[in-house]
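# A look at the structure
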Amino acid sequence: MSVLRYFIIIGILAMGVYVFSCTSPTETPSPESTEINSHTDSLLQFRIYLEQARISRFKGENQEEAHFLDAAENIAQCLNDSSVYANLWQEKAMLYLPHQPEKAKEFFQKALAYMPSGTPASIAQSELYLSRIYLEQGQTDSAFHYINNAICQNLPDKEAAALHLQKGYIFASLLQADSATHHILPFLPEASLKQRTEAYRRLFEMYGKKQNEKQENIYMRKYILSHDSLSTERKEMVIEKIQDMHEYKLQRERANKAEMQAAHHKLVFYRIAVTLGVVILILLLLLHRIRVHKQKLTEELKATQWMRMEETLKRKEAEVALAHEQEKLKQQEIDRLNKSVAYYRQLNAITLPSLLRKRNSQGALHLTEEEWDIIQQNADTCFDGFTRRLKECYPQLTEEELRFCCLVKMDLPMSLLSEIYHIAKGSISRRKMRLKEKMHIENSSFDEFITAF
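The shown structure was predicted, so the numbers you read here are calculated from the model rather than taken from an experiment.

A tally of regular secondary structure across the chain gives 17 helices and zero strands. For the chain, the share of sequence-separated contacts (at least 6 apart) that also reach a separation of at least 24 residues comes to 55%. Total accessible area on the chain stands at roughly 30000 Å², and carbon and sulfur atoms take up 56% of it.

Here you go:
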């Protein structure tokens, strides 16, 4: 029963785990891990919103961009982290940069206030955008201030190229050609195609204002060539972006399909697990019934065996009682025979001395036929038909040999036998040996055999 209870509890626990896994697939975390996981999840969601805002900006969907940035701002208020605020204000500034430069300028300045000192690239980027805004507003002093601060961040040459180009643009707006070309031309090899196109446009506009037609034409041709290349590159980029978006959509569909298949497989697995659990419970119940039935049969068999053993014991007790009774009867018979033997031995003891008195003058002993008959009768009477039984078993024995056996059965001494037969004691022993061989007696002496016969 304990084994059955154990398996039933395991089955119930398995079903409970299944139900719990369907309703709550994750374990209940501790408060510390909940706080860490919540912070990590919120930070990840914040970054996802920022990335979605950048994608919407690339697609030109300003409303969606604003929506994602507002959602990111709600998470940033919960996180209350300076680097998070810096990234948020920078992205918000990028939202307002094309149409509301004043508002963009405000958010860039807020971003700079929150940016930690260990992020020179982000600081330089915000200062670069502020310099551009001030340059478009005609505030060259402020533009110089921010671009010089950005250059002081000591970025690598490839990243610093945009900063020096911006400083050259400020000099170009002031029609200072030498300073402008000093900051623009050395950094054009490190600049991108878009930056080179913008740089050529600024230079030919500057030389146009200075009425230097030669330099204006040179940089105009370079601008046109760069602009054409940029247009081609943009077309290729747009095509590549469209292909990437299409590939992303396909990958997303595949991922959704894979997730649905995984969920379906998981559901099938749980159904199989529950089915197996039910089957196991049914099998356990059947096993329990079989064990109970087997136990009943065992008890019945034990009861039957016990009854049989009691009957056998009673029968053996009866047999023992009967054996005792038979033994008692045999003992009585033996006692009776012993009494008879004792009687006839006494009779022999009386008869033989009287016979011994019949020795002649030379001391020889001669027994008549009548006396031999008396000896045989006494042997048959005392020993349950001794001569008759001996004749039946050994018909080859002569009458003289039967008489000799009667004398041995009556346990007469060797000296008396030698007197009766008028021979030496050694001859008596040899006669016994000859009879032993004739009767094929083995594993005992002749006297022992005759005594036990």
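Further remarks concern helix 15 (residues 414-421). Every buried residue belonging to helix 15 is among Leu-416, Leu-417, Ser-418, Ile-420 and Tyr-421, and all of these are buried. In the stretch just after helix 15, His-422 is the one whose phi turns positive, near 55°.

The subject of this paragraph is the confidence of the model for the chain. Residues of the chain with pLDDT of at least 70 account for 85%, and the chain-wide mean is 82. Note that pLDDT drops below 50 for residues 17-29; the model gives that stretch eight contacts with residues more than four away or on any other chain.

The next thing to look at is helix 3 (residues 62-79). For helix 3, which comprises 18 residues, the first-to-last C-alpha distance of 25 Å matches the rise-based estimate of 26 Å (1.5 Å per residue) to within 8%. Every buried residue belonging to helix 3 is among Glu-65, Phe-68, Leu-69, Ala-71, Ala-72, Glu-73, Ile-75, Ala-76 and Leu-79, and all of these are buried.

Another aspect to go through is the packing of aromatic side chains. As enumerated under the stated definition, the model contains 19 aromatic pairs in all. Relative to Tyr-219, the ring of Tyr-207 has its centre 5.7 Å away and its plane inclined at 0°; by these criteria the two rings are stacked. Of this pair, Tyr-207 sits in helix 10 (residues 193-209) while Tyr-219 sits in helix 11 (residues 213-356), and the two are twelve residues apart along the sequence. Residue classification places Tyr-207 among the buried residues on the basis of a relative accessible area of 8%.

Let us look at the nonpolar core. Core analysis: the largest hydrophobic core is formed by 58 residues, its most contacted members being Phe-46, Phe-108, Leu-163, Leu-165, Ile-184 and Met-206. Among the nonpolar cores identified, the runner-up in size contains 30 residues, and Leu-417, Ile-441, Phe-449 and Ile-450 belong to it.

What follows is about the pattern of salt bridges. In this structure the tally under the stated criterion is 18 salt bridges. Of the charged contacts in the structure, one is a salt bridge between Arg-57 and Glu-65, with a shortest N-O distance of 2.7 Å. Classification of Glu-65 as buried rests on a relative accessible area of 1%. A salt bridge links Glu-399 to Lys-391, with the shortest nitrogen-to-oxygen separation between them at 4.0 Å.

Reading the values: the criteria
For every chain, the first residue of its written sequence is number 1, and the numbers climb from 1 along that sequence. Predicted model: local features are reported for residues with pLDDT of at least 70 only, side-chain atom pairs are reported and counted for 80 or more only, and whole-chain, interface and lining totals are derived from all residues. Side-chain figures throughout are based on the complete set of non-hydrogen atoms in the structure, without hydrogens or water. In this description a helix means any DSSP run of H or I spanning at least four residues, a strand means any run of E spanning at least two, and both kinds are numbered starting from the N terminus. Contacts were defined at the residue level, with two residues in contact if any of their heavy atoms lie within 4.5 Å. Here the Shrake-Rupley method, with its probe set to 1.4 Å, supplies the accessible areas, and only the displayed protein chains count as covering residues. Using a 1.4 Å probe on the protein chains alone, a residue whose accessible area is under 20% of its type maximum counts as buried, one over 50% counts as exposed, and one in between counts as partly exposed. Values of pLDDT, which run from 0 to 100, indicate the predictor's confidence residue by residue. For a helix, the expected span equals 1.5 Å multiplied by the number of residues minus one. Pairing of aromatic rings covers Phe, Tyr and Trp, the last counted by its six-membered ring, and requires centre-to-centre distances within 6.5 Å; plane angles under 30 degrees mean stacked, over 60 mean edge-to-face, and any other angle means tilted. Side-chain atoms within 4.5 Å are what join buried Ala, Val, Leu, Ile, Met, Phe, Trp, Tyr and Cys residues into a set we call a nonpolar core. Any Lys or Arg side-chain nitrogen located within 4 Å of an Asp or Glu carboxyl oxygen qualifies as a salt bridge.

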